[in-house]
Amino acid sequence: MAESSPVVVVTGANGLVGAAVCRALVERSARVRAVVRRVGSAPALDGVTEHVGDFADEGLARAVTQGADAVVTTVHPMGSSRDEQHRVGVEGTPVLTRAARDAGVARFVHVSTAGVYDRSAGVGDVAEDGALLPEESGDYPDTKNATDAALAQVGGLTTVLVRPPAITGAGDTSVWNTLRPQGIRNGERRANPAKTWAWVHVDDLAALIADVATGAVATADDPERGPVAGGTTPVIVAGEAATWRDYLGTVTDALGVVPEWTDEPVWTGQLLTDRARRWGWVPRVSLARAMDELRQGLTTRS
């Protein structure tokens with residue numbers, strides 16, 4: 001890893017997570033190659049250069065990874081058809097991974113999801129070695145698990161699978177601050193208030209990703225101390241404990257509608273972030289601040 005001005009490739013740089021990662025990298029004096037599908041959609045920041053195209057195109061993948069120190073992938077078309085999720089994640093992302101390996105890139109950081117873990121009723125707290133959901137658990141967890149497995153098969157570089165739960169943060173494409181509230185407004189208001197609502201703010205997520213990508217987190221032979229050099233290391237990132245009463249209660253209050261509380265068995269454990277914290281990560285955004293941001297955004301749009 002370069003000691004000054006590392007070069008980092010970021011896919012999906014115009015999305016909620018990708019844009020936040022670009023900002024965090026620039027704050028760390030990195031030079032960013034922002035890969036987007038539309039001209040003019042990359043973040044307009046000093047140190048960011050736009051590269052337009054499909055990261056699964058071998059030519060583009062080779063071009064953007066040459067001379068790069070790290071690659072960060074943030075793209076997965078959640079909500080699209082299973083075939084599309086498979087094409088982009090399971091088939092497309094390894095194209096970029098192989099290009100990164102062949103170019104001698106030091107680190108490959110992939111935004112996975114905590115949704116790959118079994119968090120059914122009765123399961124306790126979940127760490128990185130928690131049980132993964134079996135096949136046929138749903139299009140999203142199935143294809144995310146398959147993508148993670150495909151990346152692990154690409155040897156020759158250090159790969160980190162960052163696994164966040166619900167990602168909060170203001171933005172038109174934000175699932176939890178914008179899209180999910182639209183569904184709640186339209187009647188999707190049923191939840192057990194005691195069910196765990198695991199979350200992380202996009203700025204805190206981006207901070208860990210940027211630290212890993214720029215080498216601020218050193219490699220180690222023990223995943224509890226850092227990414228395993230030459231291996232694939234998962235790491236969970238999550239904010240403070242919260243429940244669906246916190247999230248759904250905030251949204252329904254802001255929208256002026258009534259939640260429909262249920263009492264079915266639910267998961268009440270926590271995502272354990274001991275590994276991320278040993279790597280030096282400390283979340284800065286409190287639940288209160290995240291809910292205030294959510295409420296203010298909904299009130300403004302209303």
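Residues numbered from 1 in each chain as written. Predicted model: local features only at pLDDT ≥ 70, side-chain atom pairs only at ≥ 80, totals over all residues. Heavy atoms only, no water.

If you look the protein up in an unreviewed UniProt entry, it shows as Nucleoside-diphosphate-sugar epimerase from Geodermatophilus poikilotrophus.

> I'm lost on the overall build of the protein in this one. Help?
For the protein, the helix and strand inventory stands at nine helices and 11 strands. At 19 Å, the protein has a C-alpha radius of gyration in line with the 19 Å of a compact globule built from 302 residues. Expressed along its principal axes, the backbone C-alpha trace of the protein runs to roughly 55 × 40 × 35 Å. In the protein, which comprises 302 residues, the share counted as buried stands at 52%. Taking contacts inside the protein between residues at least 6 apart in sequence as the whole, the part at least 24 apart equals 76%. Carbon and sulfur atoms make up 46% of the accessible area of the protein, which totals about 13100 Å². (Helix = DSSP H or I, 4+ residues; strand = E, 2+ residues; numbered from the N terminus. Rg over C-alpha atoms; globule rule 2.2 N^0.38 Å. Buried < 20%, exposed > 50% of the residue type's maximum accessible area, 1.4 Å probe, protein only. Contact = heavy atoms within 4.5 Å. Areas by Shrake-Rupley, 256 points an atom, 1.4 Å probe, with all protein chains shown as cover.)

> Whenever I open this one, helix α4 (residues 139–152) confuses me. Can you help?
Helical geometry note: an α-helix holds 3.6 residues per turn, so side chains three or four residues apart project in the same direction. In this model, α4 (14 residues) spans 20 Å end to end at C-alpha, consistent with the 20 Å of a helix rising 1.5 Å per residue. Among the residues of α4, those classed as buried are Pro141, Asp142, Thr143, Lys144, Asn145, Thr147, Asp148 and Leu151. Those residues of α4 that are buried are in contact with α3 (82–102), β5 (107–111), β6 (158–163) and β10 (232–236). (Expected span 1.5 Å × (residues − 1).)

> It is not clear to me how the pairing of strand β4 (residues 70–73) should be interpreted in this structure. Could you clarify?
Within a regular beta strand, the side chains point alternately toward one face of the sheet and then the other, so they alternate between its two faces. Neither face of β4 is exposed, since Ala70 and Val72 on one face and Val71 and Thr73 on the opposite face are all buried. As paired elements, strand β1 (residues 7–11) and β4 share three bridges and run parallel to each other. Paired with Val9 across the two strands is Val71, which belongs to β4. With four bridges joining them, β4 and β5 adopt parallel strand pairing. Each residue of the ladder has a partner; that of Thr73, found in β5, is His110. The handedness of the β4 to β5 crossover, carried by α3, is right-handed. (Pairing = 2+ DSSP bridges. Right-handed = clockwise from strand over helix to strand, strands pointing away.)

> Whenever I open this one, the pairing of β5 confuses me. Can you help?
Counting buried residues along β5, five of its five residues qualify, which places the element largely inside the surrounding structure. Covered by surrounding structure in β5 are Arg107, Val109 and Val111 together with Phe108 and His110, the residues of both alternating faces. Here β5 pairs with β6 via five bridges, running parallel. Bridge assignment links Val111 to a residue of β6, and that residue is Val162. Crossover handedness for the path β5 to α4 to β6: right-handed.

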